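Remarks on the overall topology
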Protein chains: 2
Amino acid sequence: MRIVTHISELRHLIRQTKAQSQTIGFVPTMGALHAGHLSLIQEAKDKSDRVIASIFVNPEQFGPGEDYDRYPRQAEKDAEMLRAAGTDILFLPAKEEIYPQPPRVKVLPGPVANVLCGKTRPGHFSGVGLVVAKLLNLVSPDFLFLGQKDLQQTVIIRQLIEDLNFPVELVVCPTIREADGLAMSSRNRYLTPEERQTALILNHTLQHLKTLAQPGATVQSLLEEGHQYFKNAPGLQTDYLEIVNGTTLETLEVILPEENPVIAIAGFVGKTRLIDNTFVF
Amino acid sequence: MRIVTHISELRHLIRQTKAQSQTIGFVPTMGALHAGHLSLIQEAKDKSDRVIASIFVNPEQFGPGEDYDRYPRQAEKDAEMLRAAGTDILFLPAKEEIYPQPPRVKVLPGPVANVLCGKTRPGHFSGVGLVVAKLLNLVSPDFLFLGQKDLQQTVIIRQLIEDLNFPVELVVCPTIREADGLAMSSRNRYLTPEERQTALILNHTLQHLKTLAQPGATVQSLLEEGHQYFKNAPGLQTDYLEIVNGTTLETLEVILPEENPVIAIAGFVGKTRLIDNTFVF
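Residues numbered from 1 in each chain as written. Chains lettered and ligands numbered in written order. Predicted model: local features only at pLDDT ≥ 70, side-chain atom pairs only at ≥ 80, totals over all residues.

Looking at the overall build of chain A
Put simply, the rule reads: Helix and strand definitions follow DSSP, with helices as H or I runs of at least four residues and strands as E runs of at least two, each counted in order from the N terminus. Computation of the radius of gyration draws on C-alpha atoms, with the globule rule given as 2.2 Å multiplied by the number of residues to the power 0.38. Here exposure depends only on C-beta density: within 10 Å of a residue's C-beta, 20 or more other C-beta atoms make it buried, 12 or fewer make it exposed, and intermediate numbers make it partly exposed, the C-beta atoms being placed from the backbone. Note on contacts: each residue gets a C-beta atom placed from the backbone, and two residues are in contact if those atoms are within 7 Å.
When its secondary structure is counted, chain A shows 10 helices and 10 strands. In terms of overall dimensions, chain A is globule-like: its C-alpha atoms have a radius of gyration of 19 Å, near the 19 Å expected for 281 residues. Projecting the C-alpha coordinates of chain A onto the three principal axes gives extents of approximately 55 × 40 × 40 Å. Looking at the 281 residues of chain A, the share that counts as buried comes to 42%. Within chain A, residue pairs in contact and separated by at least 24 positions form 71% of the contacts whose partners lie at least 6 positions apart.

Here it is in structure tokens:
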């Protein structure tokens, strides 16, 4: 695996790859890797000739008071995990390489950025849109791999790709979970053992509601049931519990398979914000 | 010359070109071509293996009340001019091919879009930014050719390329003028013979001020002189006359070569809005 820190070297390698008509699979990450990330690398290996991963903690997608400074950074360990998983190139730029000056251009994702996590994290998804546009232009991948856990991010990036005609195919991969069902997340390491137990309520609530979400069920009754269910876990401060169309993120009133319903949840356990979601069908 | 109307066919041809390691020069236009456009094609031919031009009158960059509907359209004549100039591929999409649905994502160019023409045409440059981002992703050119006449557009697209890391080199080509000095523009055809005479005041003012703009001259005195000079042409309604840094478009107070000063002018002759500019040094 080659570790590349400069754009000029990355572009050189990309040009070589394209000249050999090899396809590129790209897995952008913020590091602090877990098995979820590695499943994306495996999908990329299955689908493309060359696999490029990036590690970049993007300051533009963190709001004031969020965890940019304390976000876990472990480049050496991550590099070793990516190497073992069969990554060909790791792009590991410094902040100044990606942002040599404050960006002047803004990429605004539109209305879909204003719901779910967008309500609690204003500006987050325009930061995501900016860095993903930059990375797509730097890596020129044929396939982009993202995890389903970040539901809203996948919807926003799908719209970004469509609206700006990026020549890339988005591949959304299933959420990878711990043995007890907790969705893997780089932020899980913030949790104390007690909080780690409390955090299980997120997936338990999703699974409970999924069993109740038969076609024709009303969303309001399901959400009321969900909020009752939370009372089992007083350590959770819910941010949202919603059932939305998985393609448009529009709020639903009734469970119908043709609406591709997804149950999405976010909450704070202690100071740690966690998200999870599950498709109903 | 191959005329391509669908994105799928364009992408196929681009992939072939890249697989042969040929460079692509791209000249985006709104059609109604003149010798200025053809000079861009010539520059593209000199610098790249394959030349792609596009003709697309982009609705997103016209404001309400502007000339989107009456903007001149003459695809057959344009195609013949491009063919004669040595263009390899003409991308000539329908509106629905570029905008199959209203765009949700916005590309906001930042502060540089709020000065000069941006004051009179709010939203114009975000429409330009959107369509240029789309076209760059569709064509994947190595070189992008734009005319100096659209000064603010060149500055905005340079920042777009920098901030979003588009893998393309911007080449700005000199303004091409009629024998009497009028900057070539697709909108010149709107002018009556009398208005055509009046329009000469734009370039005459630029040339007059350029001779006065010695290092150390104050911008205020030059602008006062310019506004006096306009009185020779009562048919012109000036929109702006400004002397700005040609790289940042920031207003200048004193003429200094290191500020790369450019004199920029815009005005209405009858109902037709015309722009022109000249670098001082």
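Comments concerning the domain arrangement of chain A
Residue and element names in this part refer to chain A. Which entries qualify depends on this criterion: For the domains described, the bounds stem from an automatic or database domain assignment.
What the domain assignment lists for chain A is domain 1 (2-173) and domain 2 (186-276). Its C-alpha centre places domain 1 at a distance of 26 Å from the equivalent point of domain 2. If you look at the interface, domain 1 gives 13 residues, while domain 2 gives 11 residues. Counting residues per element, the ones that place at least two in the side of domain 1 that touches domain 2 are helix 5 (117-120) and helix 7 (151-164). If one sorts the elements of the side of domain 1 that touches domain 2 by residue count, helix 7 sits on top with three residues.

Overview of the environment of Q237 of chain A
All names here are of chain A. For Q237, the position within the fold is in strand 8 (residues 236-245). Q237 sits 168 residues away from D69 along the chain, and the two C-alpha atoms are 23 Å apart. In contact with Q237, not counting residues within four places along its chain, are G267 and F268.

Overview of the environment of L116 of chain A
If you trace the backbone, L116 of chain A turns up in the loop between strand 5 (106-108) and helix 5. Excluding residues that lie within four positions of it along the chain, L116 of chain A makes contacts with Q152, Y240, E242, L249 and A264 of chain A.

Digging into the nonpolar core
Quick note on the threshold: The nonpolar core criterion groups buried Ala, Val, Leu, Ile, Met, Phe, Trp, Tyr and Cys residues into a set whenever they are joined through C-beta atoms within 7 Å.
Grouped together as the largest cluster of nonpolar side chains are 145 residues, with contacts concentrated most on I41 of chain A together with I41 and V139 of chain B. Once you skip the residues sitting within four places of it in the chain, V139 of chain B turns out to touch I14, I24, F26, I52 and F91 of chain B.

Quick look at the pairing of strand 2 (residues 24-29) of chain B
Residue and element names in this part refer to chain B. Rules: Here, strands pair whenever DSSP counts at least two bridges between them.
The buried fraction of strand 2 is high, at six of six residues. By the alternation rule, side chains of strand 2 split into I24, F26 and P28 and G25, V27 and T29, which are all buried. Alignment of strand 2 against strand 3 (residues 50-55), held across six bridges, turns out to be parallel. Counterpart to P28 in the pairing with strand 3 is S54. Bridging between strand 2 and strand 6 (residues 143-147) involves two bridges; their strand directions are parallel. Across the sheet, the residue bridging to G25 is F143, located in strand 6.

Section: helix 1 (residues 7-19) of chain A
For the record, the criterion: Multiply 1.5 Å by the residue count of a helix minus one, and that product is the helix's expected span.
With 13 residues, helix 1 of chain A should cover 18 Å at 1.5 Å per step; its first-to-last C-alpha distance of 18 Å lies within 8% of that length. Taken from the residues just after helix 1 of chain A, S21 of chain A is the one with a positive phi, measuring 55°.

A look at the interface of chain B and chain A
A common way to state how big an interface is: give the accessible area lost once the parts meet. Definition in use: All residues other than Ala, Val, Leu, Ile, Met, Phe, Trp, Tyr, Cys, Pro, Asp, Glu, Lys and Arg, Gly among them, are scored as polar; the first ten of these are nonpolar and the last four charged.
Counting residues at the interface gives 26 residues for chain B and 26 residues for chain A. Secondary-structure elements contributing two or more residues to the side of chain B that touches chain A are helix 1 (7-19), strand 5 (106-108), helix 6 (124-139) and helix 7 (151-164) of chain B. When grouped by side-chain class, the residues that make up the side of chain B that touches chain A number 14 nonpolar, six polar and six charged. Where strand 5 of chain A and strand 5 of chain B come together, three bridges link them in antiparallel fashion. Bridged to L108 of chain A within strand 5 of chain B is K106 of chain B.

Digging into the packing of helix 6 of chain B against helix 7 of chain B
Residue and element names in this part refer to chain B. For clarity, the threshold we go by: Every angle, taken between N-to-C directions, lies between 0 and 180 degrees, and every axis is a line fitted to C-alpha atoms, over only the stretch in contact when it is a helix. Angular relationships are summarised with four words: roughly parallel below 35 degrees, roughly antiparallel beyond 145, roughly perpendicular across 65 to 115, and oblique for the angles in between. In a left-handed crossing the near helix is turned counterclockwise from the far helix by less than a right angle, and in a right-handed crossing that turn is clockwise.
Look at helix 6 against helix 7: their axes get within 10 Å of each other, and the N-to-C directions meet at 50°. Here helix 7 runs oblique to helix 6, going by the angle between their axes. Crossing handedness for the pair helix 6 and helix 7: right-handed. Touching F125, V128, G129, V132 and A133 of helix 6 are Q153, I156, I157 and L160, all from helix 7. In terms of residue class, the contact of helix 6 with helix 7 is made up of seven nonpolar, two polar and no charged.

Looking at the pairing of strand 7 (residues 169-173) of chain A
Residues and elements named next belong to chain A. Let me state the cut-off plainly: For the handedness criterion, the strands are oriented away from the viewer, and a crossover whose path from the first strand over the helix to the second runs clockwise is classed as right-handed.
Sheet topology note: the strand 6 (residues 143-147)/strand 7 ladder contains five bridges and is parallel. Among the inter-strand pairings, L146 is bridged to a residue of strand 7, identified as V172. On the question of chirality, the crossover connecting strand 6 to the parallel strand 7 by way of helix 7 is right-handed.

Observations regarding the sheet that holds strand 2 (residues 24-29) of chain A
Residues and elements named next belong to chain A. The strand order 1-4-3-2-6-7 describes an open sheet built from six strands, whose pairing is parallel. Of all the strands in the sheet, the pair left with one neighbour each is strand 1 (2-4) and strand 7. The average angle at which neighbouring strand axes cross in this sheet is 25°, direction not considered. Direction of pairing for strand 3 (residues 50-55) relative to strand 4 (residues 89-91): parallel, over a ladder of three bridges. Residue pairing in the sheet places A53 in a bridge with L90 of strand 4. Along the sheet face, helix 6 (residues 124-139) touches strand 2 and strand 3 and points at about 145° away from the line of strand 2.

Looking at the relation of the copies chain B and chain A
Defined as follows: The copies are overlaid by a least-squares fit using only the C-alpha atoms of residues whose pLDDT is at least 70 in both copies.
When chain B is fitted onto chain A, the two copies agree to an RMSD of 0.0 Å after a turn of 180° and an axial shift of 0.0 Å. Here the symmetry operator amounts to a two-fold rotation axis.

Topic: unusual backbone geometry
Residue L249 of chain B is not a glycine yet carries a positive backbone phi of 65°. Among the structural elements, L249 of chain B can be located in the loop between strand 8 (236-245) and strand 9 (261-269).

Section: helix 3 (residues 75-85) of chain B
Residues and elements named next belong to chain B. Rules: The reported arc concerns the directions from the helix axis to the C-beta atoms and nothing else.
Residues D78, L82 and A85 constitute the buried set of helix 3. For helix 3, the buried positions fall inside an angular range of 60° around the axis, keeping them on one side. Facing away from the buried side of helix 3 by more than 90 degrees, the exposed set consists of E76 and A84. G86 occupies a position one or two residues after helix 3 and carries a positive phi of about 100°.

So, the sheet that holds strand 7 (residues 169-173) of chain B
Residue and element names in this part refer to chain B. Across the sheet, which stays open at both edges, the six strands sit in the order 1-4-3-2-6-7 with parallel pairing between neighbours. Every other strand in the sheet has two partners, leaving strand 1 (2-4) and strand 7 as the edge strands with one partner each. Neighbour-to-neighbour, the strand axes of this sheet turn through a mean angle of 25°, independent of strand direction. Packed on one face of the sheet, helix 6 meets strand 2, strand 3 and strand 4 (89-91) and runs near 145° to strand 2.

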